[in-house]
Protein chains: 2
Amino acid sequence: MRSSDADLIRGFALFRGISDAIFDEVTADAAILDLPPDHVLLTEGERPEHLFLLLSGLIESFSQYNGKTTTLSFLRPPAALIVAAVWMDQPQLHSARTLARSRLATLPARAVRAALATDRAFCEAAGRELSIRYRDIFKELKNQRLRNATDRLANWLLTESQVAGSDEFRIAVGKATLAARLGISGEHISRAFAQLREHGVETDGKEMRINTAKLTAFAKPDPMIDGAEA
Amino acid sequence: MRSSDADLIRGFALFRGISDAIFDEVTADAAILDLPPDHVLLTEGERPEHLFLLLSGLIESFSQYNGKTTTLSFLRPPAALIVAAVWMDQPQLHSARTLARSRLATLPARAVRAALATDRAFCEAAGRELSIRYRDIFKELKNQRLRNATDRLANWLLTESQVAGSDEFRIAVGKATLAARLGISGEHISRAFAQLREHGVETDGKEMRINTAKLTAFAKPDPMIDGAEA
DNA sequence: ACGATTTGTTGACATACATCAATGGAAACC
DNA sequence: GGTTTCCATTGATGTATGTCAACAAATCGT
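Presented here is an overview of the structure given in this document. This one's a predicted model, so the numbers in the text were calculated from it and none came from an experiment.

**Some points on the overall build of chain A**
A tally of helices and strands in chain A yields nine helices and eleven strands. The globule rule puts the C-alpha radius of gyration for 230 residues at 17 Å, and the 19 Å found for chain A is close to it. Each principal axis of the C-alpha distribution contributes one length, and for chain A these read about 55 × 35 × 30 Å. Looking at chain A residue by residue over its 230 residues, the buried ones come to 54%. Of the roughly 9900 Å² that chain A leaves accessible, carbon and sulfur atoms contribute 47%. Charged side chains in chain A number 29 positive and 30 negative. The centres of these two groups are separated by 5 Å.

Structure representation (structure tokens):
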């Protein structure tokens, strides 16, 4: 592992406040993965052998059942994957694939659990990481239950705009992929975008330009549903 | 607090493996709440002042947005509420109300956070509790995205039957409440039950009798979606 | 620069579910 | 015991979203 990777990893929230000794223990057998786009790195139902840390790129977590596939989240760096599954040593509830060329670190699950069982600071950092993930997915369930497709898209665009820090930005994924993330069909997202044209959304391929005030009035964002947890 | 309550609380997963000293610290200012049915005990958006432990009864967590209400989960004892919100000292993402007369203990959030910040065992127990909750809600999101209303009902009935340990059981809630839990309207659940009559479900008010083999064949339960986490 | 492949859009139609209204039946209250 | 209220069911209809098919537009490979 390159030292630049080690520095990057050290900065993850998962390691905030922990001692160098424990950090070295957990990362002793770390490996780096460089993956091309559209590469499946986790398969639903398998026991986790590693904790994954996303250093760069973009990952989609998804799940399949009865012939259908749904996207559960997009993950951008810095992100830790399958913390809960590793902690409980239980099968992963989702698969994961790269949406872009991505760089990840893998930490042996056994080493992670050993550290959780001995180090308070690591345990606390992991608990806080999990709390954030819990709240994020809780919000996503509310989003799904309480909003229709167009509203979900509108609010997603507002959030992306905030992350980008501009009312003009480029989305990282294709529209079909975005549709899956929002829980709708590829065809339907076209119609949702068409509706949003009346509410301050201009699109040119992946380039978006939004009228924030107008779109906000339409989308009614709510901090109890929208925006990633700190 | 009665000593029988203290014993009950001591047995919660949240306190598994922790020292008596820390247990006493966390529960020093515990209070007991006896609530009638349909009493709101938590309101979405407020900062948590207490961690709640459900000792007996039944609770529904729900959320409202833009005039709509959705039920996120039913909670049965033993259950800990709003662990993530207390840990992060962030606003609760859901409200909660009793569905039946219920007995709860409240632990001051400050004391809980203090213990998390000092005690490894408590931190680990809380992390495991949180992992379980995370996985439960993750499953619920998959359930919502990957199944239609009738399939969700069918699988819910199978799970309830397993919990009851019998193919004959009584559901604890009214059908409208159950409908909300499944994310559908009160009217629609009647039609869903009607469909399931062909697949091994007999109902008489709240009494259910299912043909497990037949219903299983129809419902296609999946451990990656169904059943509470251990 | 060209054809080939993928990705997005649009229309027509099908399905799932919500809503509104009417009714029936069960439980609660004098 | 009768009335009242609540809860569940059913029918009719509306709306949101999915699916299939055709096509258009963008991207890729050579």
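**Quick notes on the protein's contact with DNA strand D**
Lining the immediate environment of DNA strand D, one finds 14 residues, of which A:A149, A:S185, A:R191, B:K175 and B:S190 sit closest. Among all atoms of DNA strand D positioned within 4 Å of the protein, those belonging to sugar or phosphate total 55%. Between A:A149 and DNA strand D, the recorded distance is 2.9 Å, taken from a backbone N or O atom to a phosphate oxygen. Going through the elements one at a time, α8 (186-196) of chain A together with α7 (175-182) and α8 (186-196) of chain B are the ones with two or more residues in the surface near DNA strand D. Residue composition of the surface near DNA strand D, by class: three nonpolar, six polar and five charged.

**Focus: the sheet that holds strand β3 (residues 50-56) of chain B**
Residues and elements named next belong to chain B. On the basis of which strands lie adjacent, the open sheet formed by four strands has the order β1-β8-β3-β6 and antiparallel pairing. This sheet does not close on itself; its edge strands, each paired only once, are β1 (31-35) and β6 (79-81). Averaged over all pairs of adjacent strands, the angle between their axes in this sheet comes to 30°, without regard to strand direction. Strands β1, β3 and β8 (102-108) of the sheet are contacted by helix α1 (residues 3-10), whose axis makes an angle of about 105° with β3.

**Points about the packing of aromatic side chains**
Residues and elements named next belong to chain A. Within the structure shown, the criterion is met by six aromatic pairs over all chains. With centroids separated by 5.9 Å and ring planes inclined at 5°, the aromatic side chains of F15 and F122 adopt a geometry described as stacked. Here F122 lies in helix α5 (residues 120-146) and F15 lies in the loop between α1 (3-10) and α2 (20-27), a separation of 107 residues in the sequence. Note on F15: relative accessible area 1%, which makes it buried. Site record: aromatic cluster; members linked through ring pairs are F15, F23 and F122.

**Remarks on the relation of the copies chain A and chain B**
With an RMSD of 0.0 Å, chain A superimposes on chain B once it is rotated by 180° and translated 0.0 Å along the axis. Viewed as a symmetry operation, the transformation between the two copies matches a two-fold axis. No C-alpha of chain A lies nearer the rotation axis than that of A:R120, which sits 2.1 Å from it. Interface overlap between copies is the fraction of interface residues in one copy that are interface residues in the other; for chain A against chain B it reaches 100%, indicating a shared surface.

**As for the packing of helix α2 (residues 20-27) of chain B against helix α4 (residues 109-116) of chain B**
Residue and element names in this part refer to chain B. Look at α2 against α4: their axes get within 8 Å of each other, and the N-to-C directions meet at 155°. Between α2 and α4, the angle is such that the two are roughly antiparallel. On α4, the residues touching I22, E25 and V26 of α2 are A111, V112 and A115. Classifying every residue of the contact of α2 with α4 gives five nonpolar, no polar and one charged.

**Observations regarding α8(B)**
Residues and elements named next belong to chain B. Buried within α8 we find I189, A192, F193 and L196. Axial view of α8: buried residues confined to an arc of 100°, hence all on one face. Looking at α8, the residues exposed on the side facing more than 90 degrees away from the buried face are E187 and R191. Contacts from the buried residues of α8 go to α6 (149-164), α7, β10 (201-204), β11 (207-210) and α9 (212-219).

**Quick word on the protein's contact with DNA strand C**
Every one of the 14 residues lining DNA strand C counts as a neighbour, but A:K175, A:S190, B:A149, B:S185 and B:R191 are closest to it. Looking at DNA strand C alone, sugar and phosphate atoms form 55% of those within 4 Å of the protein. A distance of 3.2 Å separates a base nitrogen of DNA strand C from a polar side-chain atom of A:R191. Take B:S185: an N or O atom from its main chain is 3.0 Å from a phosphate oxygen of DNA strand C.

Thresholds applied
Residues numbered from 1 in each chain as written. Chains lettered and ligands numbered in written order. Predicted model: local features only at pLDDT ≥ 70, side-chain atom pairs only at ≥ 80, totals over all residues. Heavy atoms only, no water. Helix = DSSP H or I, 4+ residues; strand = E, 2+ residues; numbered from the N terminus. Rg over C-alpha atoms; globule rule 2.2 N^0.38 Å. Buried < 20%, exposed > 50% of the residue type's maximum accessible area, 1.4 Å probe, protein only. Areas by Shrake-Rupley, 256 points an atom, 1.4 Å probe, with all protein chains shown as cover. Lys, Arg positive; Asp, Glu negative; His and termini not counted. Charge placed at Lys NZ, Arg CZ, Asp CG, Glu CD. Near = heavy atom within 4 Å. Polar contact = N/O pair within 3.5 Å; in protein donor to acceptor, adjacent residues only side chain to side chain. Nonpolar A, V, L, I, M, F, W, Y, C, P; charged D, E, K, R; others polar. Pairing = 2+ DSSP bridges. Axes fitted to C-alpha atoms, helices over the stretch in contact; angles between N-to-C directions. Contact = heavy atoms within 4.5 Å. Phe/Tyr/Trp six-rings, centres within 6.5 Å; stacked < 30°, edge-to-face > 60°. Least-squares fit on C-alpha atoms with pLDDT ≥ 70 in both. Parallel < 35°, antiparallel > 145°, perpendicular 65-115°, else oblique. Arc of directions from axis to C-beta.

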